[in-house]
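Breakdown of the fold
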Amino acid sequence: MTRIKLIVLLVAVMFLSGIENANAQEKSPQTVIIRVYVDAKGMEFNFSLLVTTPDANSYELPMETLTTKNKKENTINNSKILQKEIDKWKKEGFSVDEISGSFFDSFMLIMSKD
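Just so you know, these numbers come straight off a predicted model, no measurement behind them.

1. A few points about the overall build of the protein
Helix and strand counts for the protein stand at 2 helices and 5 strands. Counting from the amino terminus, helix and strand elements in the protein follow one another as α-β-β-β-α-β-β. In the protein, buried positions account for 21% of the 114 residues. Taking contacts inside the protein between residues at least 6 apart in sequence as the whole, the part at least 24 apart equals 38%. For the protein, the accessible surface area stands at approximately 8300 Å², while carbon and sulfur atoms represent 57% of it.

Printed below as a string of structure tokens:
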């Protein structure tokens, strides 16, 4: 009788650990990629944010165009747009993993959550 109880207990433990592993696989890390895209036309620099979401969809957020006349003001405005997008993802539980490049040179921000 004790052998049967031991076998039933062993099977139950194996079954439950299998369910735990399946749940752990479903909760794989999620990643968001935010890039600053620059399209230079002469002395005008057209900026936009390209965002790739955890489900591999992408969208574009237009930003201010920089010229020699409005460079400082529009750089501030563009920084605010970037900040709002980062804050949006932070509120959803994402944190910054990596930042590469500079604002003018292929800036990329990678955020993730487990």
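2. Let's talk about the nonpolar core
One finds Val32, Ile34, Leu49, Trp89 and Met111 to be the most contacted residues of the largest nonpolar core, which totals 15 residues. Those elements that place two or more of their residues in this core are β1 (30-41), β2 (44-52), β3 (58-66), α2 (71-91) and β5 (105-113). Setting aside residues up to four positions removed in sequence, valine 32 forms contacts with Val51, Thr52, Pro54, Trp89, Phe94, Leu109, Ile110 and Met111.

3. A few points about α2
Across its 21 residues, α2 extends 30 Å between first and last C-alpha, which sits within 8% of the 30 Å expected from 1.5 Å per residue. Taken together, the buried positions of α2 are occupied by Asn74, Asn78, Leu82, Glu85, Ile86 and Trp89. Buried residues of α2 fall within an arc of 120° about the axis and therefore sit on the same side. For α2, the exposed residues lying more than 90 degrees away from the buried face are Lys72, Glu73, Lys84 and Lys91. Remark: glycine 93 follows α2 within two positions and exhibits a positive phi of approximately 95°.

4. Brief notes about the packing of aromatic side chains
Taken as a whole, this structure holds 1 aromatic pair when the rule is applied. With a centroid separation of 5.3 Å and an interplanar angle of 90°, the aromatic rings of tryptophan 89 and phenylalanine 94 are classed as edge-to-face. Phenylalanine 94 shares its class with tryptophan 89; the two are buried.

5. Describing unusual backbone geometry
Phi is positive for alanine 56, which is not a glycine, with a value near 70°. Along the chain, alanine 56 turns up in the loop between β2 and β3. A relative accessible area of 60% means that alanine 56 is categorised as exposed.

6. Structural notes on the pairing of β2
Here β1 pairs with β2 via 9 bridges, running antiparallel. Directly across from lysine 41, in β2, lies its bridge partner glutamate 44. With antiparallel pairing between neighbouring strands as the criterion, β1 and β2 make up a hairpin whose turn holds 2 residues, including glycine 42 at a positive phi of roughly 65°. Bridging between β2 and β3 involves 7 bridges; their strand directions are antiparallel.

7. Considering the environment of leucine 66
Of note, leucine 66 is situated in strand β3. A relative accessible area of 2% means that leucine 66 is categorised as buried. Sequence-wise, leucine 66 and asparagine 46 are 20 residues apart; in three dimensions their C-alpha atoms are separated by 6.5 Å.

What counts, and at which threshold
Residues numbered from 1 in each chain as written. Predicted model: local features only at pLDDT ≥ 70, side-chain atom pairs only at ≥ 80, totals over all residues. Heavy atoms only, no water. Helix = DSSP H or I, 4+ residues; strand = E, 2+ residues; numbered from the N terminus. Buried < 20%, exposed > 50% of the residue type's maximum accessible area, 1.4 Å probe, protein only. Contact = heavy atoms within 4.5 Å. Areas by Shrake-Rupley, 256 points an atom, 1.4 Å probe, with all protein chains shown as cover. Core = buried A, V, L, I, M, F, W, Y, C linked by side-chain atoms within 4.5 Å. Expected span 1.5 Å × (residues − 1). Arc of directions from axis to C-beta. Phe/Tyr/Trp six-rings, centres within 6.5 Å; stacked < 30°, edge-to-face > 60°. Pairing = 2+ DSSP bridges.

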